[in-house]
There are 2 protein chains.
Amino acid sequence: MEANGFRPLDEKSLVEYIKATPALSSKLGNQFDGLLIKEVGDGNLNFVYIVVGSAGSFVIKQAIPYIRCIGETWPMTKERAYFEALTLKEEGRLCPDHVPEVYHFDRSMSLIGMRYLEPPHIILRKGLITGVEYPLLAEHMSDFMATTLFFTSLLYLSTTDHKRAVSEFCGNVELCRLTEQVVFSDPYRVAQYNRCTPHLDHDAEAVRNDNALKLEVAELKTMFCERTQALIHGDLHTGSVMVTSDSTQVIDPEFAFYGPMGFDIGAFLGNLFLSFFSQDGHADQGNDRRAYKIWILKTIEETWNLFEKKFTTLWNEHKDGTGELYFPDIYNSPELQLLARGKYMKSLFHDSLGFGAAKMIRRLVGVAHVEDFESIQDVSKRADCERRALNFAKMLMKERRGFKTINQVVAAIQ
Amino acid sequence: MEANGFRPLDEKSLVEYIKATPALSSKLGNQFDGLLIKEVGDGNLNFVYIVVGSAGSFVIKQAIPYIRCIGETWPMTKERAYFEALTLKEEGRLCPDHVPEVYHFDRSMSLIGMRYLEPPHIILRKGLITGVEYPLLAEHMSDFMATTLFFTSLLYLSTTDHKRAVSEFCGNVELCRLTEQVVFSDPYRVAQYNRCTPHLDHDAEAVRNDNALKLEVAELKTMFCERTQALIHGDLHTGSVMVTSDSTQVIDPEFAFYGPMGFDIGAFLGNLFLSFFSQDGHADQGNDRRAYKIWILKTIEETWNLFEKKFTTLWNEHKDGTGELYFPDIYNSPELQLLARGKYMKSLFHDSLGFGAAKMIRRLVGVAHVEDFESIQDVSKRADCERRALNFAKMLMKERRGFKTINQVVAAIQ
């Protein structure tokens, strides 16, 4: 056992831990016979165990003090589990339909016990690779983003509550630094862990030599580091979402902190764009993926358009509330309110496009790639898909302020 | 005595306090005969005592739990003294030539003992009203702003150090809320404590009905609330600066927190603009103030131009340092560095103009006015001066992005 009571668990020691923890053992009806425990962590950072008994189930997620996919050479504070639990609870309070319930948190063990998202829940990214349509995805994700972002922003919170929360989440600095490095820095320089499909070597080099792009990414990075706009999930890609045809659940907010809203929106939209560009690599005689590509683009459009509608509706509903940015005796006519909200949403839209582009670029020439492309066996085909994604992302980052609607962005692809 | 050991002092009880406090009594060489103590607080918030003995001197500043110029009906945390002391020490470390030394801080008493800025030091605002030129003012203030802002920004600090400091200063939230209210909100609505020269009633009403202006001030307020760019003084008007012909000392940073740099720069430049517009009200047969107005405008130009030069020089000197925003292996050519700095400074310039305009407007139609205008006895003349200042400020806030240089701004006055 390490200092402060931390010890990494395995399938065996986990059983003892559960037996000694009433909040967990009670979820199993204290029935331990035939308990099934399976380690399923396929993310980059943690260990995840599914625990299923005869009378109940849950998931155990334990953070370890390094980055799992790199190894002990890249240490990473296990305190991230504290911020993940804190955020799961806060997001769950705001949006219970789309966030798994937390049953138990043990800070010294960096361990969270939470609802097991039972089959047929799968990681959204895997569904997208298989070509499954999720008709409620845009509706659900716009719900999640609109509620979690609105209610933690100064449009709803008082300055007092906002600064208290900002201060708390400043503690998650190591995870913020990791994002700064892998999203905003490493893709734009020669870096130890960068990699790319060999055919893309020249494209990666072009990114590193693109001054206009590097000026844009500096602006986005500055916003990421300085702007405490709302409690953001911080890693809202399609691997942080579990889905069935009628359920959408957002998990893994260990990168959460008070940052720019556009970083979450952009992460989700950017990863849908990545999925779009990967589809040609998954086409076969049985399915040319043409209809599916259209569905993805429609989902991108709907996600932003529904988000914008829901977010501004929340704003309107709470315009006389606790928020201190737009007092109703200053923004005192429907006309002025419309102007103010239009200006705010336009700026948020452009932030989202910029961050979305940054999230795409980092998945193509940075350290962590996405299965959407990695699973394309034909390397030359994969490179073609990736190159189109990269060129689109570069254009999007540089030209984002020229787009007025998401439909224009989607049209720019076709 | 109140809870937590706080008791407001007066001239008498202060002597006992000093005798019981070695850090203070030693400054007087433990000589208390003929001790002179004078209360001189002419600001809006606190009590200030000058203490002069035969062998030494200092100033005692004590915060009380309400706003002095309003009374006990407007409570204000005396914890502000903690953030003032913290900031004085930090600014003093970074820029010792222009910040008075702190000798003693007593958190439970909300009391700071610091260097007495002996005569002929006077408040800069009073010197400007009298028409005194300070040939080193631009040089000194650009030093102060460049060093305090650069070294507390992410251009110098690591993300880790920055977030730690941001978190600490989130505690000064009540003072931030006060600024939000009196600078960014009250001037744009009917508010209890607003006042203006009677001739300006219609102008004040026009501010409250100016939608374009209210859209701009929302953007500035949002930046003030959300952007943790650097440790800012938070109240850097000409009443927070003490001067002689060769000394410039910045005092009273109780509003300090991590906010947008432009708020400090704008506060200083905006108050110089206010001084400029007030000069016609101080002209008499002996001095038409024409040459003085030219000196003020020259000082405005020099302050920004020297600030820009010094700030970018510091950036260049520390480009391979601890800062994590612009890594030298990404911004890896003099050409790209020049572009990146140019973009950053352009944005900071526009922020400074916007905040400067906001600080002007609030002094004309908000709660706290400035002696520059208040001391003009002829009400009609005062109103003329104030109206010109107000119209300039409104133009500046709305048109700020059109200005490329401070010289263009100054030219727009003439």
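The shown structure was predicted, so the numbers you read here are calculated from the model rather than taken from an experiment. (Residues numbered from 1 in each chain as written. Chains lettered and ligands numbered in written order. Predicted model: local features only at pLDDT ≥ 70, side-chain atom pairs only at ≥ 80, totals over all residues. Heavy atoms only, no water.)

Regarding the overall build of chain A
Scanning chain A from N- to C-terminus turns up 15 helices and 12 strands. Here the C-alpha atoms of chain A give a radius of gyration of 21 Å, agreeing with the 22 Å that 2.2 N^0.38 yields for 414 residues. The principal-axis extents of the C-alpha atoms in chain A amount to approximately 60 × 60 × 40 Å. Every one of the 414 residues in chain A was classed for burial, and the buried ones make up 62%. For chain A, the proportion of contacts with a sequence separation of at least 24, taken over those separated by at least 6, is 75%. Per element, the accessible surface of chain A, about 15,700 Å² overall, is 50% carbon and sulfur. (Helix = DSSP H or I, 4+ residues; strand = E, 2+ residues; numbered from the N terminus. Rg over C-alpha atoms; globule rule 2.2 N^0.38 Å. Buried < 20%, exposed > 50% of the residue type's maximum accessible area, 1.4 Å probe, protein only. Contact = heavy atoms within 4.5 Å. Areas by Shrake-Rupley, 256 points an atom, 1.4 Å probe, with all protein chains shown as cover.)

Topic: the relation of the copies chain B and chain A
Mapping chain B onto chain A calls for a screw motion: a turn of 180° about the axis and a shift of 0.0 Å along it, with 0.0 Å RMSD after fitting. Expressed as an axis order, the relation between the two copies is that of a two-fold axis. (Least-squares fit on C-alpha atoms with pLDDT ≥ 70 in both.)

Focus on the sheet that holds strand S3 (residues 57-63) of chain B
Residue and element names in this part refer to chain B. If you walk across this open sheet you meet the 5 strands as S1-S2-S3-S7-S6, and the pairing is antiparallel. Unpaired on one side and paired on the other, strand S1 (36-39) and strand S6 (102-106) mark the two borders of the sheet. Along the sheet, successive strands turn relative to each other by an average axial angle of 15°, direction set aside. Pairing of strand S2 (residues 46-52) with S3, which is carried by 7 bridges, proceeds in the antiparallel orientation. Pairing of Asn-46 across the sheet is with Ala-63, part of S3. Each of S1, S2, S3, S6 and strand S7 (111-114) is contacted by helix H1 (residues 11-19), which is oriented at about 130° to S1, the strand it contacts most. (Pairing = 2+ DSSP bridges. Axes fitted to C-alpha atoms, helices over the stretch in contact; angles between N-to-C directions.)

Overview of the side chain of Arg-125 of chain A
Residue and element names in this part refer to chain A. Mapping Arg-125 onto the fold places it in helix H4 (residues 124-130). On the basis of relative accessible area, Arg-125 is assigned to the buried category, the value being 7%. Only 3.2 Å separates the side chain of Arg-125 from the side chain of His-237, close enough to count as a polar contact. Not counting residues within four places of it along the chain, the set of residues in contact with Arg-125 comprises His-237, Thr-238, Gly-239, Asn-271, Arg-363, Val-370, Glu-371 and Asp-372. (Polar contact = N/O pair within 3.5 Å; in protein donor to acceptor, adjacent residues only side chain to side chain.)

Quick notes on the domain arrangement of chain A
All names here are of chain A. Here chain A is described as being made up of domain 1 (11-114) and domain 2 (122-413). A separation of 26 Å is found between the C-alpha centroids of domain 1 and domain 2. Of the residues lining the interface, 26 residues belong to domain 1; the matching set on domain 2 comes to 31 residues. Roughly 2,400 Å² of surface becomes buried between domain 1 and domain 2 when both sides are summed, with 65% attributable to carbon and sulfur atoms. When residues of domain 1 are sorted by the area they lose upon contact with domain 2, Trp-74, Phe-83 and His-98 head the list and together hold 27% of the total. Arg-80 is paired through a salt bridge with Glu-254; the nearest N and O atoms lie 3.3 Å apart. Inspection of the region where domain 1 meets domain 2 yields 9 residue pairs in polar contact (both at pLDDT 80 or more). Broken down by element, the residue count for the side of domain 1 that touches domain 2 peaks at 10 residues, all from helix H3 (residues 80-94). (Domains from an automatic or database assignment. Buried area = accessible area lost by both parts, 1.4 Å probe. Salt bridge = Lys/Arg side-chain N within 4 Å of Asp/Glu carboxyl O.)

Focus on the pairing of strand S2 (residues 46-52) of chain A
All names here are of chain A. Most of S2 is tucked away, with 5 of its 7 residues classed as buried. Of the pairings in the sheet, the one linking strand S1 (residues 36-39) to S2 comprises 4 bridges and is antiparallel in character. Within S2, the position partnered with Ile-37 by the bridge is Val-51. Turn length for the S2-strand S3 (residues 57-63) hairpin, with the two strands adjacent in sequence and antiparallel, is 4 residues.

Considerations on the pattern of salt bridges
Proximity of charged atoms lets side chains of opposite charge pair with each other. Within this structure, the stated rule accounts for 62 salt bridges over all chains. Between Glu-254 of chain B and Lys-61 of chain B there is a salt bridge; the shortest N-O distance is 3.4 Å. A residue pair is termed long-range when its members are at least 10 positions apart, and Glu-254 of chain B in the loop between strand S11 (248-250) and strand S12 (257-259) and Lys-61 of chain B in strand S3 qualify at 193 residues. One salt bridge connects Arg-388 of chain B with Asp-280 of chain B, and the closest N-O pair in it is separated by 3.0 Å. Linking Arg-388 of chain B in helix H14 (residues 379-399) with Asp-280 of chain B in the loop between helix H10 (261-278) and helix H11 (290-317), this pair joins segments that are 108 residues apart in sequence. Taking the relative accessible area as the measure of exposure, Asp-280 of chain B reaches 29% and is therefore partly exposed. Through salt bridges with shared partners, a single ionic network connects Lys-61, Arg-80, Glu-84, Asp-252 and Glu-254 of chain A.

Examining the packing of helix H5 (residues 137-151) of chain B against H11 of chain B
Residues and elements named next belong to chain B. Where H5 meets H11, the axes come as close as 8 Å, and the angle between the chain directions of the two elements is 35°. Our pair here, H5 against H11, has a crossing hand that is right-handed. Residues Leu-137, Ala-138, Glu-139, Ser-142, Asp-143, Met-145, Ala-146, Thr-147, Leu-149, Phe-150 and Phe-151 of H5 pack against Trp-295, Thr-299, Glu-302, Thr-303, Leu-306, Phe-307, Lys-310, Phe-311, Leu-314 and Trp-315 of H11. Tallied by class, the residues present in the contact of H5 with H11 amount to 13 nonpolar, 4 polar and 4 charged. (Left-handed = near helix turned anticlockwise from the far one by under 90°. Nonpolar A, V, L, I, M, F, W, Y, C, P; charged D, E, K, R; others polar.)

Looking at the pairing of strand S6 (residues 102-106) of chain A
All names here are of chain A. When S6 meets strand S7 (residues 111-114), the two strands line up antiparallel, connected through 4 bridges. Residue pairing across strands places Phe-105 opposite Ile-112, the latter belonging to S7. Connecting the antiparallel pair S6 and S7 is a turn made up of 4 residues, with Ser-110 showing a positive phi of about 50°.

Digging into the interface of chain B and chain A
On the side of chain A, 44 residues touch chain B, which itself brings 44 residues to the contact. Here chain B and chain A share an interface that buries about 4,200 Å² over both sides, 54% of which is from carbon and sulfur atoms. Among the residues chain B hides against chain A, the three largest losses belong to Lys-163, Leu-215 and Glu-226 of chain B. Together they make up 17% of the total. Here chain B and chain A share 10 salt bridges between them. Summed over the shared surface of chain B and chain A, the number is 23 residue pairs in polar contact (both at pLDDT 80 or more). For the side of chain B that touches chain A, the elements supplying multiple residues, two or more each, are helix H6 (159-169), helix H7 (173-185), helix H9 (211-226) and helix H12 (334-365) of chain B. No other element matches the 11 residues that H9 of chain B contributes to the side of chain B that touches chain A. Tallied by class, residues from the side of chain B that touches chain A come to 20 nonpolar, 10 polar and 14 charged.

A short note on the confidence of the model for chain A
Mean pLDDT over chain A works out to 96, with 99% of the residues at or above the 70 mark. Here the predicted complex carries an ipTM of 0.96, next to a pTM of 0.97. (pLDDT = per-residue confidence, 0-100.)

A closer look at the side chain of Thr-152 of chain A
Considering the arrangement of structural elements, one finds Thr-152 of chain A in the loop between helix H5 (137-150) and helix H6 (159-169). Excluding residues that lie within four positions of it along the chain, Thr-152 of chain A makes contacts with Glu-90, Leu-94, Leu-157, His-162, Gln-229, Ala-230, Leu-231 and Tyr-258 of chain A.

Observations regarding the nonpolar core
With 247 residues, the main nonpolar core has Phe-307 and Phe-311 of chain A together with Phe-307 and Phe-311 of chain B as its most contacted residues. What Phe-307 of chain B contacts, discounting residues up to four positions off in sequence, is Ser-142, Met-145, Ala-146, Leu-149, Ile-265, Glu-302, Met-345 and Leu-348 of chain B. With 16 residues, the next largest nonpolar core counts Leu-24, Ile-37, Ile-60 and Leu-111 of chain B among its residues. (Core = buried A, V, L, I, M, F, W, Y, C linked by side-chain atoms within 4.5 Å.)

Things to note about the packing of aromatic side chains
All told, the structure shown has 52 aromatic pairs over all chains when counted by the stated rule. For the pair Phe-276 of chain A and Phe-277 of chain A, a centre-to-centre distance of 5.2 Å together with 90° between the ring planes defines the contact as edge-to-face. Residues Phe-276 of chain A and Phe-277 of chain A agree in their burial class; the two are buried. Through a chain of ring-to-ring contacts, the aromatic side chains of Phe-150, Phe-151, Tyr-156, Trp-304, Phe-307, Phe-311, Trp-315, Tyr-326, Tyr-331, Tyr-344 and Phe-349 of chain A assemble into a single cluster. The ring of Phe-327 of chain A is capped by Arg-189 of chain B, whose NZ or CZ atom sits 4.4 Å from the centre of that ring. (Phe/Tyr/Trp six-rings, centres within 6.5 Å; stacked < 30°, edge-to-face > 60°. Lys NZ or Arg CZ within 6 Å of the ring centre and 35° of its normal.)

Notes on H10 of chain B
With 18 residues, H10 of chain B should cover 26 Å at 1.5 Å per step; its first-to-last C-alpha distance of 26 Å lies within 8% of that length. Most of H10 of chain B is tucked away, with 18 of its 18 residues classed as buried. (Expected span 1.5 Å × (residues − 1).)

Some details on the environment of Lys-214 of chain A
Topologically, Lys-214 of chain A is positioned in helix H9 (residues 211-226). Its relative accessible area of 1% is what places Lys-214 of chain A among the buried residues. Considered as a pair, Lys-214 of chain A and Phe-327 of chain A are 113 residues apart in the sequence and their alpha carbons are 38 Å apart. When near neighbours in sequence (up to four residues on either side) are disregarded, Lys-214 of chain A contacts Tyr-188, Val-207 and Arg-208 of chain A together with Ile-330, Tyr-331, Asn-332 and Leu-336 of chain B. For Lys-214 of chain A, the side chain forms a polar contact with the main-chain oxygen of Ile-330 of chain B, separated by 2.6 Å.

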